[in-house]
Amino acid sequence: MNTEKLTERQEEALKRLADLAVKLHENGIIDLMEQLSELSPKAISYLAEPRILKIGANISFMLHILEVINPTIFSVMMNNFIDEVSKEMSPEQMMDPPRATMGKIIKYMRDPDVQRALAMIFIFLKAFGASINTSAEQFKKMMEMMEKQFAKMKEERAKRGIPIKE
Amino acid sequence: MSAKVLILGGGSGGLVTANSLHHIFKNKSVKPEITLIDKNQYHEFMPSYPWVALGYRDPDEIRRPLSLLEKKGIRYVNAVIKSINPNKREVETTEGVFEYDFLVVSLGAELNPDAIEHYKEEAHHPWSMKGALNLRRALKDFKGGHILIGVQGMYYRCPPAPFEIAGQLDFMLRAKGIRDNTDITIFHLTPGPLSNMGPAISTVIAEILNNKGVKFVGNFEFERISPQEKKVYAKDGRSLPYDLLIMPPAHKPNSVVANSPLSNGKDFPVVDPETFRHIKYSNVFIIGDVVNPAVNLPPAGVVAHFQAEFVANQIAVEVIGGYVGESFTPVAMCIMDFGDDAVLPMCEFTKVYKDLSGPPTCGVLGRGKEIRLVKEAFEAMWFANYLTK
């Protein structure tokens, strides 16, 4: 390795860096960076506000849903759905939207496409109901556990003479 | 004469207090004398202990000398604390007696490996640097069998750590090609993995453990270790076999604090949970694992961190006469690295802290192996901010 050549390149790089530093300094960027660097240790506690954390956790969950959905199935289904809807819906139709009378409902119910869609809706309803049930069980268990834990903690606090707000 | 602030302990609570005070007073006309005392020469980044056990980090990569604080004008004294005398406003150490106007006690909990019979001969743990290195040696020789990970109580540092270690071990053993002849089991007091944090976190951790083939045994109230049978027994008679046992040692309240007037003969000192000031000695602030179990906060570095900023703010209020700084919010986050997966859970303990009126509000801020990068970035930022070279 030619160290002399490397030193020249280093010198060139340093000169460019110095020129850049002057520009940043004149434009006040260095000053701004210096001020902002003071904020970095504080940033954690500001970002750790319960409100921000809750927003973060909810956004993360929404993103998780998008992560779980199979893009092949989702895009094929959505594309076909949009195609079908656009076939069925026209500006003329929107001016006089169809009404679902009892007779028409019965007619629709005989349509295999409507039957498939209804079956899917019932599958969703079944899954939704099951998830409500599971969540209720989970929250019940958690509350039971917390109550036991809190009873022990209250006992401990009473022993140490620490007041408890009821 | 400038106010003397004495900080006991160079863990996360002590380190953040010292740095926050330095930051607050850097450009002020009034400056307190800040002294930090610790028996150790290094500050160790405890969340990375499992990485040391797994060989992903070496000790020098996760520690920096506390003497670096001197660059910021913070005096560092390497000494063992012998006693605290709040009546005289003095702390006695192996390097002499130190007087203070404000005292911040952040000495942490003590590990007590002697509390459980056969623990020292049978169990490994990455809850200290020495423990992490011992576990690394044991893992190097491990050829397969039963790995048992569990806890002996609820008072141990970093509640998610046992789950994280299980995930990392699964990853490592698969890389080593001996996962098929190894089973990994976790036992815990809670019915589900981290179920005391609620279903939002518990279901995610349970799913990860399930994907990795890690078995979870809940409601397991530890009773004893049987070295002859190589089994751990629960109080209800259940037993679990082990070839490699990983358990945090029993933790106990800090003995210097417990033997001082601050604790008044009890295990933990009594503080005002709104301010972390001692109930009798208002110029003494107590934060971190040395007090948190008594104020319903989890024993974790992140809680000590936020307490430290809040306490530095209160000291500033007294020294300057008024200051607008950090408030305290009882929240905790941690990055759980499972090797090929990672989770960033968060919990807000407002309802638990102070009046035990309800469960914590918890959620997952992110999941995926890329979350490990957040942990690595946080580790780098921690040292860059608090022990700047």
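Up top you'll find the structure we're talking about.
Conventions adopted
- Numbering of residues starts from 1 in every chain and runs along the sequence as written.
- To read the labels, note that chains go from A and ligands from 1, taken in the order they are written.
- Confidence filtering applies because this is a predicted model: local features only for residues at pLDDT of at least 70, side-chain atom pairs given and counted only at 80 or more, and all residues used for totals across whole chains, interfaces and linings.
- With C-beta atoms placed from the backbone, the exposure class of a residue follows from how many other C-beta atoms lie within 10 Å of its own: 20 or more, buried; 12 or fewer, exposed; in between, partly exposed.
- Elements are defined by DSSP. Helices are runs of H or I of four residues or more, strands are runs of E of two residues or more, and each kind is numbered from the N terminus.
- The rule for pairing is simple: two strands pair if DSSP sees at least two bridges between them.
- Remark: residues whose backbone-derived C-beta atoms lie within 7 Å of one another are considered to be in contact.
- Between N-to-C directions, angles span 0 to 180 degrees; the directions come from axes that are lines fitted to C-alpha atoms, helices contributing only their stretch in contact.

A. Highlighting the pairing of strand β9 (residues 102–105) of chain B. Residues and elements named next belong to chain B. Here β9 shows a buried face lined by Phe 102 and Val 104 and a second buried face lined by Leu 103 and Val 105. Of the strand pairs in this sheet, strand β1 (residues 4–8) and β9 are connected by 4 bridges, and their pairing is parallel. Across the sheet, the residue bridging to Leu 8 is Val 105, located in β9. As paired elements, β9 and strand β22 (residues 284–286) share 3 bridges and run parallel to each other. Counted as the bridge partner of Val 105 is Ile 286 from β22.

B. Inspection of the sheet that holds strand β11 (residues 123–124) of chain B at higher detail. Residues and elements named next belong to chain B. On the basis of which strands lie adjacent, the open sheet formed by 5 strands has the order β11-β18-β12-β13-β14 and parallel pairing. Two strands lie at the open edges of the sheet, namely β11 and β14 (214–217), each paired on one side alone. Pairing analysis gives 2 bridges linking β11 to strand β18 (residues 244–246), with the strands arranged parallel. Bridging from a neighbouring strand, Ala 123 pairs with Leu 245 of β18. The strands that helix α5 (residues 161–176) touches are β12 (145–150), β13 (182–187), β14 and β18; relative to β13, the one it contacts most, it runs at about 175 degrees.

C. Representation of the pairing of strand β8 (residues 96–99) of chain B. Residues and elements named next belong to chain B. Bridge count for strand β7 (residues 90–93) against β8 is 4 bridges, and the pairing is antiparallel. Each residue of the ladder has a partner; that of Val 91, found in β8, is Phe 98. Between β7 and β8, which follow one another and run antiparallel, lie 2 residues.

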